[in-house]
Amino acid sequence: MLTSVAKGEPFGSTRTIALRVGVEAQSEPFTFASKSGAPAGFCIDLLNAAAADQRLRLQFTMLSWADLLQQFKDGNLDVISNIAYTPDRAAYADFTIPSLTLEGAMFVRKGLPPIRSDNDIRKLRVAVGKDTMAYQFLHARGLDANIVPIQGLRACLEKVNDGNVDATFGVRLIGEKYIHDADLENVAASEYELSEFKYEFHAAVQKGDADLLYRLNLGLAHVRESGRFDQLVEQWLGPIQPRHILWRDVAPYWLPLLAITAILALAFSYQRRLMRQLRARTEALRTSEERLRLALAGSREAVWDWNVPSNTVVRSERWAEIIGCRLEEISPNIDALNPRLHPDDATRVQNFKRQMLDGESHLEYRVRARDGSWRWLFDRGAVVERAGDGTPLRVTGIATDITFRKETEEALERSQLLLQQSQETAQIGGWELDVVTQEMFWTREAHRIYEVDTPPARITLDWTYEFLSPTAQTQLKAAIDQAAKTGASFEIDVEIITAKSRLSWVRVTGRAVRVGDRVVRVHGSYQDISKQKRSDEERQKIQLKMLEAQKLESLGVLAGGIAHDFNNLLTVILGNTSLAREDPGTVSDALDQIEVASQRAADLCRQMLAYAGKGRFTVEVLDLNAVVADTVQLLKLSISKNATLDFAFGDSELPIEADTSQIRQVVMNLVINASEALGGASGRIRISTTAQTVSKERLREATLGQELPSGEYVSLEIEDNGCGMSSDTMARIFDPFFTTKFTGRGLGLAAVVGVIRAHHGALFVRSTLGHGTTFQILVPRSSAKISPVKEFPARPNRDTSSRGTILLVDDEPNVRRVASALLEKNGYTVAVAADGYEALALALAHGGRFVAVLLDLTMPGLDGPATLKELRAINAATPILLMSGYTESDARQRLPADQYIAFLPKPFTSDELLEALRELLVRTQSVAEKI
């Protein structure tokens, strides 16, 4: 497959490009197959000459005219030769400058009545091919009623000769040649005047292929200017030779002719020789004049002949066509066109005339046509006759209308200027790399970006790398190498050091250009993004400052809320302590109030840890439906009496890996919020669960969890038809201590966020003011088996018999006092240490023989992990119960794996302390027995 001209191919490219050119198979002498079968003719040689000038390579395809047009319309041909312009064809083709203009004619069968009007033509059966210039002409004049479709002028003429049709239309020169060559005795050219019926032949390219059109036009113009065009016209379009006399014509008269010839042979031999010479010269002159007439008619050149002594000029008809008037309206004076000259060209034209008198000269200039437009002419002339003393007598020349070429060049210059201005405005420069030679081309804006005032004569790729930092050089080199090898495009930002030693940022883009499977060029752009980089850095600094301010504001809100709640709780505790001291009879009630306040304080701490995503977790594989169902009774007690709970459970089992109490807390918080949104009015709260496959796009819409992977999730939705929320309220509902309720603490939804974040889930909120709210929670679905529901153990009977010595280590005196009292009350002997150093001293004194060690994780000096390490050096099997206000997961991260360690979160009750201690001792005893 040949490669057609690619759009965007540089006009100055030296690369040979193959073009698919379609030519008519039987259109002699324009296009036809030679005896060897190769394409030949005037158009073939003309296109080859233009292609050679522009370094184009042509491959000709010879078809009938109908097939030729269809192949071109289908895009299987790049160029079609010898085609006349029509408005219909302009819809799918762009035409070159005309190569020839020839007179059209009507050919009729002899014996028909004379043709005097178009009405006479309407009565005839006319043979013409579809989609031909003749058909277009007849159709435009309404003469196509009796058309007989026959392809090819030769075939049409034969049909006329045979009497099958009455007439046909075509190029006069070609038709007369066909009639002569084929000896068609019954056909002749009509005398009916058809002055507007002319064939102006072009080559055509695919619609919109401006680059190829320009190159062909440029090549054709150069062929005309070089004189090669005139040679081709003379070679192929000479006059039609008269028919030679054949033997059959003279056979009946050979005896008389022989006698006459014999008698006159001697008498007139000398005169006959003179006559032959005169006839030969006359014929040669006629042939030359006819060829010149055809050449001038076909070439569209404006010919002139200047009689210098009389200062008069004879001009051809083409001058009138260019100017748009009749030839007789132009004065024969040599200076007749001076008033029409462009002011900028008048002086140059006068100099041109003087220079021609010295020999020969040429000039491009403008003349104004009758319609007011400026026509560009390329005029050249030379002295063809001089007097004996060398004085010029006659100057002959030819002028070519090059308006189209000039307009094309001006359009190209405007386009290049606009491109340059656009690059300067956008601060984008262009570059191109020849992969073979490694040479580069830079636009002017590229030099400005790199601050190169004097570029080297030869720009190479290695020279451009010198501007880059080492890291940037590695990046860009790898990108360009990859583009040259595989054709991959790239876009990277690199830091450069300009020619004036200034740091700058440049965005480099690159695209590969292939010829077949091989990358031959890489081109792209440089964009100065230094300002953008600086703006990004400033924006990041501002964002960091804003984040810091938001953090400080959030911490202020958090600290204020915690202080407010703890102050209330401490007020209850201190008040009841004072009452108990003043009135011993109120001790029991006061202790109850103190315990309730302490539980509320512990609950507040749990909510704060949940908000931070660090709540206390016991992760199990749970059935979400079962967890919600177990919470139903508690939900009914917690919501308004006017609220109705609806349940819509999905699959029979929806397994998730979660902490039961934390999930219950989420459900409780959201249902209570929904109940409060109903106010005192009746309403509905709907709780639904289901399994869903969630896409990445859906997760990006979440309030929390936008970066989670797509996959299988379990969904929990809690929907109410309450008051709904405004957009401002929705933007703040998850802020700690933000609440719309007068008595609320504002940690409920903040804790929900922490629980969901800790469970790697997503949260969606939809709400319309006055129409209710929907919270949707997504938690990854588990593939593991659901764990059985644990039964809570009954409260153990307290055995107060002696159980051994326990080492209690805590830096808080009140914790030591309370824990010691609880342990001693339950039969343990307690050795108390205020820090790690005291603990180690006691351990050494007792030989490390303790029943267990209660160790605080966070202490000044020697902290919990360091103390644990030293205790293990003394006794590796001592059971150790760690105590901390942090979660177990956080504590475990700071400790080595140890089967003799358990965890007890603060705060704790006596039952929780004793149960944790009992479970630790039972487990360590079981491990010891196995060993």
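Residues numbered from 1 in each chain as written. Predicted model: local features only at pLDDT ≥ 70, side-chain atom pairs only at ≥ 80, totals over all residues. Heavy atoms only, no water.

**Student:** For this particular structure, what's the right way to read the sheet that holds strand β36 (residues 901–905)?
**Tutor:** Each strand in a sheet pairs with another by means of backbone hydrogen bonds, the pair being arranged parallel or else antiparallel. On the basis of which strands lie adjacent, the open sheet formed by 5 strands has the order β33-β32-β34-β35-β36 and parallel pairing. At either end of the open sheet lies a strand with only one pairing partner, and these are β33 (828–833) and β36. In this sheet, neighbouring strand axes are inclined to one another by 20° on average, regardless of whether the strands run parallel or antiparallel. Sheet analysis places strand β32 (residues 804–809) next to strand β34 (residues 852–856), joined by 4 bridges and oriented parallel. Within the sheet, the bridge partner assigned to Leu808 lies in β34 and is Leu854. Of the strands in this sheet, β32, β33 and β34 touch helix α26 (residues 813–825), which is tilted by about 165° from β33. (Pairing = 2+ DSSP bridges. Helix = DSSP H or I, 4+ residues; strand = E, 2+ residues; numbered from the N terminus. Axes fitted to C-alpha atoms, helices over the stretch in contact; angles between N-to-C directions. Contact = heavy atoms within 4.5 Å.)

**Student:** For this particular structure, what's the right way to read the sheet that holds strand β22 (residues 490–497)?
**Tutor:** Read across the open sheet, the 6 strands follow the order β21-β20-β19-β24-β23-β22; overall the sheet is antiparallel. Each having just a single partner strand, β21 (459–460) and β22 make up the two edges of the open sheet. Bridge count between strand β19 (residues 428–434) and strand β20 (residues 439–442): 3 bridges; the pairing is antiparallel. Counted as the bridge partner of Trp431 is Trp442 from β20. Against the sheet, helix α17 (residues 470–486) makes contact with β19, β22, β23 (503–515) and β24 (518–528), and its axis sits at roughly 145° relative to β22, the strand it touches most.

**Student:** In this structure, what is going on with the pairing of β24? I would like to understand it.
**Tutor:** Every other side chain in a regular strand lies on the same face of the sheet, so the side chains alternate between the two faces. Alignment of β19 against β24, held across 7 bridges, turns out to be antiparallel. Note that in β24 the partner of Ile428 across the bridge is Gln527. Bridge count between β23 and β24: 10 bridges; the pairing is antiparallel. Paired with Arg507 across the two strands is Gln527, which belongs to β24. Counted along the chain from β23 to the antiparallel partner β24, the turn is 2 residues long, and its residue Gly516 has a positive phi close to 70°.

**Student:** Could you clarify how one ought to interpret the pairing of strand β28 (residues 683–694) in this entry?
**Tutor:** Direction of pairing for strand β26 (residues 643–648) relative to β28: parallel, over a ladder of 6 bridges. When the bridges of β28 are listed, Thr644 appears paired with Arg684. Summarising the sheet, β28 and strand β29 (residues 711–720) pair through 10 bridges and their orientation is antiparallel. Counterpart to Thr690 in the pairing with β29 is Ser715.

**Student:** Explain the pattern of salt bridges to me, please; I cannot follow it from the model alone.
**Tutor:** Side chains that differ in sign of charge can pair as their charged atoms come close. Applying the stated criterion to the full structure yields 35 salt bridges. Here Arg539 and Asp536 are joined by a salt bridge, their closest N and O atoms 2.2 Å apart. Here the residue Arg539 and the residue Asp536 both occupy positions in helix α18 (residues 530–582), the gap between them amounting to 3 residues, near one helical turn. Since its relative accessible area comes to 42%, Arg539 is described here as partly exposed. Of the residues examined, Asp536 reaches a relative accessible area of 24% and is grouped as partly exposed. Here Arg698 makes a salt bridge to Glu701, at a shortest N to O gap of 3.2 Å. The network of salt bridges with common partners includes Glu225, Glu364, Arg405, Lys406 and Glu409. (Salt bridge = Lys/Arg side-chain N within 4 Å of Asp/Glu carboxyl O. Buried < 20%, exposed > 50% of the residue type's maximum accessible area, 1.4 Å probe, protein only.)

**Student:** Can you help me understand helix α2 (residues 65–73) in this one?
**Tutor:** A turn of α-helix holds 3.6 residues, and therefore any two residues three or four places apart point the same way. Taken as a whole, α2 has its buried residues at Trp65, Leu68, Leu69 and Phe72. The arc that holds every buried residue of α2, seen down its axis, measures 95°, which confines them to one face. Once α2 finishes, Gly75 follows within two positions and takes phi at roughly 85°, a positive value. (Arc of directions from axis to C-beta.)

**Student:** Quick question: what am I supposed to make of empty space enclosed by the protein here?
**Tutor:** Over the atoms rolls a probe the size of a water molecule, and in doing so it shows where empty space is left. All chains considered together, the criterion is met by 7 cavities of 30 Å³ or more. Of the pockets and cavities examined, the largest cavity occupies roughly 420 Å³. Looking at the largest cavity, it is lined by 26 residues, and the ones nearest its centre are Glu24, Ser27, Thr132, Leu153 and Tyr199. Elements that contribute at least two residues to the lining of the largest cavity include exactly β2 (26–27), β6 (79–84), α4 (133–140), α5 (153–162), β11 (167–171), α6 (172–182) and β13 (198–206). (1 Å grid on protein atoms, 1.4 Å probe; cavity = no way out; pocket = protein on both sides within 12 Å on 5 of 7 lines; lining within 4 Å. Points joined across faces, edges and corners; volume = space filled by probe spheres on them.)

**Student:** Looking at this structure, how should I read the side chain of His759?
**Tutor:** Considering the arrangement of structural elements, one finds His759 in the loop between α25 (748–758) and β30 (762–768). Judged by relative accessible area, His759 falls into the buried class, the value being 7%. Within the local environment of His759, its side chain forms a polar contact with the backbone oxygen of Val755, the two atoms lying 2.8 Å apart. (Polar contact = N/O pair within 3.5 Å; in protein donor to acceptor, adjacent residues only side chain to side chain.)

**Student:** In this structure, what is going on with the packing of α5 against α6? I would like to understand it.
**Tutor:** Two numbers describe a pair of packed helices, the interaxial angle and the distance between the axes. At their nearest, the axes of α5 and α6 sit 10 Å apart, and the two run at 55° to each other. Comparing their axes, α6 and α5 come out oblique. For the crossing formed where α5 meets α6, the hand is right-handed. Facing α5, whose interface residues are Leu153, Arg154 and Leu157, α6 presents Ile174, Gly175, Tyr178 and Ile179. Of the residues contributing to the contact of α5 with α6, the split by class is 5 nonpolar, 1 polar and 1 charged. (Parallel < 35°, antiparallel > 145°, perpendicular 65-115°, else oblique. Left-handed = near helix turned anticlockwise from the far one by under 90°. Nonpolar A, V, L, I, M, F, W, Y, C, P; charged D, E, K, R; others polar.)

**Student:** How do you make sense of the packing of helix α27 (residues 836–845) against helix α28 (residues 864–874) when you look at a structure like this?
**Tutor:** Two elements in contact, α27 and α28, have axes whose closest approach is 10 Å; the angle formed by their N-to-C orientations is 10°. Relative to α28, the element α27 is oriented roughly parallel. Across the interface between the two elements, Gly836, Ala839, Leu840, Ala843 and Leu844 from α27 touch Thr867, Glu870, Leu871 and Ile874 from α28. By residue class, the composition of the contact of α27 with α28 is 6 nonpolar, 2 polar and 1 charged.

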